[in-house]
Amino acid sequence: MFIGEGPGADEDAQGEPFVGKAGQLMNKAFEYIGINRNEIYIANIVKCRPPNNRNPEDDEAEACLDYLRNQVLLVKPKIIVLLGSVALQNILGKEFKITASRGKWFNKKDIKYMPTWHPAALLRDENKKLEFIRDLMIAFNESRMI
């Protein structure tokens, strides 16, 4: 399972997560690694696009977290990849920072979490692409062992 931040304009228009430029970049990484997008579940912290595509505020995230918890209960993932700081901080805690946490494993309630860069960050900084692909490869390999 993958958890991102929230829908952007393209996602809002199509009603599907990660279909815009960031999603297309993520799909290329999936193809490179051998991840079939149809075999994973992608969700977001918030279900509605925040105004001006800003980060969701705490009360907005809190309003959607029960819905996300139910998605996790239904999917029953063994591994969740947290895409970016918004997902990381809303799932594992506000004290976590993406730069210090990405690429590391965290366990919570029998689920292994791997934080990594949000694909939109790769569009702004190409130097993060290799770390992102490495993180996905580690998560994918771990998922095959469970």
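Here, the structure is the one placed above.
No experiment lies behind these values; they were computed from the predicted model shown.

**Q** Residues and numbers for the overall build of the chain, please.
**A** From N to C terminus, the chain includes 7 helices and 5 strands. A compact globule built from 146 residues should have a C-alpha radius of gyration of about 15 Å, and the chain, at 14 Å, falls within 12% of that. Summarising its shape, the C-alpha atoms of the chain cover approximately 40 × 30 × 30 Å along the three principal directions. Within the chain, buried positions represent 47% of all 146 residues. Counted over contacts in the chain with a minimum sequence separation of 6, partners at least 24 positions apart contribute 64%. Of the roughly 8400 Å² of accessible surface on the chain, 49% is carried by carbon and sulfur atoms. The distance from the centre of the 21 positive side-chain charges to the centre of the 20 negative ones in the chain is 4 Å.

**Q** Explain the pattern of salt bridges to me, using residue names and the numbers behind them.
**A** Within the structure shown, the criterion is met by 9 salt bridges. One salt bridge in this structure joins glutamate 60 and arginine 54, with 2.8 Å as the shortest N-O distance. For arginine 54, a relative accessible area of 27% corresponds to the partly exposed category. Between lysine 94 and aspartate 58 there is a salt bridge whose closest N-O contact spans 3.1 Å. Within this pair, whereas lysine 94 is found in the loop between helix H4 (85–91) and helix H5 (98–101), its partner aspartate 58 is found in helix H3 (residues 58–75), the two being separated by 36 residues in sequence. It is possible to trace a salt-bridge network through shared partners that takes in Arg102, Glu131, Arg134 and Asp135.

**Q** Explain the pairing of strand S3 (residues 79–83) to me, using residue names and the numbers behind them.
**A** In terms of burial, S3 is largely enclosed, as 5 of its 5 residues are buried. Across the two faces of S3 the burial is the same, with Ile79, Val81 and Leu83 and Ile80 and Leu82 all buried. Pairing of strand S1 (residues 2–4) with S3, which is carried by 2 bridges, proceeds in the parallel orientation. Among the inter-strand pairings, isoleucine 3 is bridged to a residue of S3, identified as leucine 82.

**Q** Give me helix H7 (residues 129–145): which residues, what numbers.
**A** Between its terminal C-alpha atoms H7 stretches 25 Å, which fits the 24 Å expected from 17 residues at 1.5 Å a residue. Listed as buried for H7 are Phe132, Asp135, Leu136, Ala139, Phe140 and Glu142. Buried residues in H7, looked at end-on, bunch into an arc of 165°, giving them a common side. Seen from the open side of H7, the exposed residues pointing more than 90 degrees away from its buried face are Leu130, Arg144 and Met145. Buried residues in H7 make contact with S1, helix H2 (21–33), S3, strand S5 (111–116) and helix H6 (119–124).

**Q** Run through the sheet that holds strand S4 (residues 106–108), naming residues and quoting values.
**A** Within the open sheet, the 5 strands sit side by side as S2-S1-S3-S5-S4. Their pairing is mixed. If you trace the sheet from one side to the other, it starts and ends with strand S2 (42–44) and S4, each paired once. Along the sheet, successive strands turn relative to each other by an average axial angle of 30°, direction set aside. Bridging between S4 and S5 involves 3 bridges; their strand directions are antiparallel. In the strand pairing of S5, lysine 108 is matched with isoleucine 111. In this fold H7 packs onto S1, S3 and S5, with an angle of close to 165° to the strand it touches most, S5.

The rules behind these values
Residues numbered from 1 in each chain as written. Predicted model: local features only at pLDDT ≥ 70, side-chain atom pairs only at ≥ 80, totals over all residues. Heavy atoms only, no water. Helix = DSSP H or I, 4+ residues; strand = E, 2+ residues; numbered from the N terminus. Rg over C-alpha atoms; globule rule 2.2 N^0.38 Å. Buried < 20%, exposed > 50% of the residue type's maximum accessible area, 1.4 Å probe, protein only. Contact = heavy atoms within 4.5 Å. Areas by Shrake-Rupley, 256 points an atom, 1.4 Å probe, with all protein chains shown as cover. Lys, Arg positive; Asp, Glu negative; His and termini not counted. Charge placed at Lys NZ, Arg CZ, Asp CG, Glu CD. Salt bridge = Lys/Arg side-chain N within 4 Å of Asp/Glu carboxyl O. Pairing = 2+ DSSP bridges. Expected span 1.5 Å × (residues − 1). Arc of directions from axis to C-beta. Axes fitted to C-alpha atoms, helices over the stretch in contact; angles between N-to-C directions.

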